[in-house]
Amino acid sequence: MALRLYNTMSSQVEEFHPLRDREVRMYACGPTVYDYGHIGNFRTFIAVDLLQRFLRQSGYKVHYVMNITDLDDKIIRNAARDNVSVQQYTAKYEKAFLEDAAMIGIEQPKLVRATEHIAQMADFVAKLVEKGIAYRTDDGSYYFRIAKFPRYGKLSKKDFSGMLDGARVDVDEYDKDSARDFALWKAPKPGEASWDTSIGPGRPGWHLECSVMSMQELGESFDLHAGGEDLVFPHHENEIAQSESLTGKTFARFWFHVRFLLVEGEKMSKSLGNFYTLRDLVLKGHKPSSIRYLLTSVPYRNQLNFTFDGLKQAAVSVERLRGFRQRLTAGSLPSGSNPEMRSLASETVDRMRGALDDDLNTAQAQAAIFEMVRSANSAIDAGGLKADDVPPLLAALEKFDEIFAVLKDDDGPKIKQVFDWAPTEGRDQDISAGLREAVQSGQLSDAGIEKKIAEMQAARGARDFKASDTLRAELTAAGILIENTKDGVRWRRK
Ligand code: AMP
Ligand code: ZN
């Protein structure tokens, strides 16, 4: 069965077939690097990461390009305010974005930066002027004449006919309901960064950046263009207008938009006090794997409301999956095989694929793996799961994790990295000293816990009960619950 995806352009779920056989070319609008990434940004980036992972799992070769918006009105303004160059201003946020993305399990796309394509952007404007689609104003700015692109509004389904009044707008964000000639290129402002180019000095508009970089990397027509739902209008509408009026070809065929994340039922905003960067949550002691799990627990087009209760639940879910894997590999199962367990594994793989093929229904894919874990756990308890059933069940977990990427036991080092960073930023952290110590000493990493448990068992084996009691007390103090079962020691976090 083929992947079916919702296409904002057709307002329908369609079968996804790339233009080239078995090869997908896709582009996502990346971060504007003027601040640390918040969890809403990461809902979108993780959704696109999940899509590209699933395409690869489905056998496609994927060319996935993301831009870094290291040049826009806010960046230029902030850099001027701080009296630093644009590059100096954005460097630390770009670095933080890359660290955060890696921390939350995003596989790095090919990255392209706006500041590295300014000459190509100026050439693009020159071609639009030649075609009579763009015009220059007295101050040396260039605008896109939307009256020249009758299909303007086709993505956002806004009807602009009769409203094409030629009025201009020269900021990157503007009134969502009016059709205005938008700035392709902005003349220099005193005290702000500008570049000398073939069309004169100035700086590119944000919309132009994405058109130029995506077509340069992926060609004039490519398969899929992604971003958060706020980008439909005007950003993506303007990208389409510029690109298609220049090439005469369809720009991107599929438009993939991720619904905005709500936090505690509201739109995230600094003034409401419900605004969290990824780093804020990690500093509060939440694991990247729990955050990633939560952000993928609702399909990308449905409303996801982030709550701390939900985050706790997500942590429990991840621990359950990890605990199950540990149970499978503990090596104490009876020999032989049970055909029911084999079919359970293969049915689960089919169900996960079917769910993801269905417009990336992540909730159902997660439900499928949990049903497998429940049945297999009961089978273990009843002696019905045999040693030879382990590989197919592990393979199903592996297939799940190729997409969801939460099972690797590396939260400890990732959290530590953020704790190491935070003091230099002088951030106000509401975290307990105990937690900080535990993280910094590496005790919270799964590997660290397992090492201590192994030491404890070794001490007990050697009848050194004093040593084993001390180790147990240390683990308990670090919030680890240890359980002795007939299959050996199991643990989980309290
Ligand atoms: P920005 O850094 O503001 O350019 O945004 C980067 C990406 O995050 C864009 O695709 C935005 O549409 C997306 N985005 C911003 N806020 C949210 C949110 N609350 N929920 C989901 N995606 C968001
Ligand atoms: Zn863009």
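Report follows, based on the coordinates. (Residues numbered from 1 in each chain as written. Chains lettered and ligands numbered in written order. Predicted model: local features only at pLDDT ≥ 70, side-chain atom pairs only at ≥ 80, totals over all residues. Heavy atoms only, no water.)

### Topic: the overall build of the chain
Across its full length, the chain holds 16 helices and 18 strands. Burial statistics for the chain: of 494 residues in total, 53% are counted as buried. In the chain, the share of contacts with a sequence separation of at least 24, taken over all contacts with a separation of at least 6, comes to 74%. With an accessible surface of roughly 21,500 Å², the chain has 48% of that area assigned to carbon and sulfur atoms. Positive and negative charge centroids in the chain, built from 67 and 72 side chains respectively, lie 2 Å apart. (Helix = DSSP H or I, 4+ residues; strand = E, 2+ residues; numbered from the N terminus. Buried < 20%, exposed > 50% of the residue type's maximum accessible area, 1.4 Å probe, protein only. Contact = heavy atoms within 4.5 Å. Areas by Shrake-Rupley, 256 points an atom, 1.4 Å probe, with all protein chains shown as cover. Lys, Arg positive; Asp, Glu negative; His and termini not counted. Charge placed at Lys NZ, Arg CZ, Asp CG, Glu CD.)

### So, the environment of Leu356
Turning to its location among the elements, Leu356 is positioned in helix α10 (residues 339-357). Exposure remark for Leu356: the relative accessible area of 2% places this residue in the buried category. Sequence separation of Leu356 and Ile403 is 47 residues, and the distance between their C-alpha atoms is 9.7 Å. Those residues in contact with Leu356 that lie beyond four places of it in its chain are Leu3, Leu50, Phe54, Asn361, Thr362, Ala365 and Ile403.

### Quick word on unusual backbone geometry
Across residues other than glycine, the phi torsion is negative in most instances, and most of the peptide bonds are trans. With an omega of 0 degrees, the peptide bond running from Phe233 to Pro234 counts as cis. Of note, the phi angle at Lys157 is positive, near 55 degrees, even though the residue is not glycine. Here Lys157 is to be found in the loop between β7 (142-144) and β8 (168-169). The residue Ala405 is not glycine, and still its phi comes out positive at about 50 degrees. Mapped onto the fold, Ala405 is located in the loop between α12 (390-404) and α13 (411-425). Its relative accessible area of 23% is what places Ala405 among the partly exposed residues.

### Comments concerning the coordination of the zinc ion (ligand 2)
Only Cys29 (SG), Cys210 (SG) and His235 (NE2) from the protein reach the zinc ion (ligand 2) as donors, at distances of 2.0 to 2.2 Å. Spacing between the donor residues of the zinc ion (ligand 2) along the chain follows C-x180-C-x24-H. Of this pair, Cys210 sits in helix α5 (residues 206-218) while His235 sits in helix α6 (residues 232-247); the two residues are 25 residues apart in sequence, bridging distant segments of the chain. On the basis of relative accessible area, His235 is assigned to the buried category, the value being 1%. (Donors = N, O, S within 2.8 Å, 3.2 Å for Na, K, Ca; no water.)

### Here we look at helix α1 (residues 39-57)
Because an α-helix packs 3.6 residues into every turn, residues spaced three or four apart end up facing the same way. Here α1 spans 26 Å end to end across 19 residues, near enough to the 27 Å set by a 1.5 Å rise per residue. The positive-phi residue at the C-terminal boundary of α1 is Gly59, with phi of around 100 degrees. (Expected span 1.5 Å × (residues − 1).)

### Remarks on the environment of His257
Counting through the fold element by element, His257 comes out in strand β13 (residues 252-258). The buried category is assigned to His257, whose relative accessible area is 8%. A C-alpha to C-alpha distance of 5.2 Å links His257 and Gly227, two positions 30 residues apart in sequence. Excluding residues that lie within four positions of it along the chain, His257 makes contacts with Thr8, Leu155, Gly227, Gly228, Glu229, Val232, His236, Tyr300 and Arg301. A polar side-chain atom of His257 sits 2.8 Å from a polar atom in the side chain of Thr8. A distance of 2.8 Å separates polar atoms of two side chains, one belonging to His257 and the other to His236. (Polar contact = N/O pair within 3.5 Å; in protein donor to acceptor, adjacent residues only side chain to side chain.)

### Description of the packing of aromatic side chains
We describe a pair of aromatic rings using the distance from one ring centre to the other and the angle between the two ring planes. Scanning the entire structure with this criterion turns up 18 aromatic pairs. A network of ring pairs unites the aromatic residues Tyr36, Tyr89, Tyr93 and Trp421 as a single cluster. Residue placement shows Lys270 over the ring face of Phe275; its charged tip is 4.7 Å from the ring centre. (Phe/Tyr/Trp six-rings, centres within 6.5 Å; stacked < 30°, edge-to-face > 60°. Lys NZ or Arg CZ within 6 Å of the ring centre and 35° of its normal.)

### Thoughts on the site of ligand 1
Neighbouring residues of ligand 1: 15 residues in total, closest Thr32, Thr44, Gly228, Asp230 and Leu261. Taking Asn41, its side chain carries an N or O atom lying 3.1 Å from an oxygen atom of ligand 1. At 2.9 Å, a backbone N or O of Gly228 approaches an oxygen atom of ligand 1. Its free accessible area being 500 Å², ligand 1 has 88% of it covered by the protein chains. Residue assignment for the shell around ligand 1 shows that the elements contributing at least two residues are α1 and β12 (222-228). (Near = heavy atom within 4 Å.)

### Focus: α10
When the terminal C-alpha atoms of α10 are compared, their 27 Å separation across 19 residues agrees well with the 27 Å that a helix rising 1.5 Å per residue should span. Listing the buried residues of α10 in full gives Met341, Leu344, Ala345, Thr348, Met352, Ala355, Leu356 and Asp357. Contacts made by the buried residues of α10 are with β1 (4-7), α1, α11 (362-381) and α12. Between the side-chain oxygen at the start of α10 and the backbone nitrogen of Glu340 there is a gap of 2.9 Å, and the oxygen is on Asn338.

### Quick notes on the sheet that holds β12
The strand order β5-β4-β3-β12-β13 describes an open sheet built from 5 strands, whose pairing is parallel. Edge positions in the open sheet fall to β5 (110-113) and β13, since each of these has one partner strand only. On average, each strand axis in the sheet is inclined to that of its neighbour by 25 degrees, with strand direction left out of account. Across 6 bridges, the pairing between β12 and β13 is parallel. Along β13, the bridge assignment pairs Leu224 with Phe254. α6 contacts β12 and β13 of the sheet and is inclined by roughly 155 degrees relative to β12. (Pairing = 2+ DSSP bridges. Axes fitted to C-alpha atoms, helices over the stretch in contact; angles between N-to-C directions.)

### What to know about the sheet that holds strand β15 (residues 266-267)
The sheet built from 3 strands is open, its strands ordered β15-β14-β16 with mixed pairing. In this open sheet, the two strands that pair with only one neighbour each are β15 and β16 (304-306). Bridge count between strand β14 (residues 261-263) and β15: 2 bridges; the pairing is antiparallel. Residue pairing across strands places Leu262 opposite Lys267, the latter belonging to β15.

### A word on the nonpolar core
In this structure, Leu5, Phe42, Phe256 and Leu385 are the most contacted members of the largest nonpolar core, which totals 137 residues. Sorting elements by how many residues they give to this core places α1 first, with 10 residues. Summarising the domain contributions, this core has at least three residues from each of domain 1 (4-258) and domain 2 (263-404). If near-sequence neighbours (up to four positions away) are discounted, Leu5 is found in contact with Gln12, Val13, Glu14, Phe16, Leu51, Leu224, Phe254, Phe256, Tyr300, Asp359 and Leu360. One finds Leu471, Leu475, Ile482 and Trp491 within the second-largest nonpolar core, a separate group that totals 9 residues. (Core = buried A, V, L, I, M, F, W, Y, C linked by side-chain atoms within 4.5 Å. Domains from an automatic or database assignment.)

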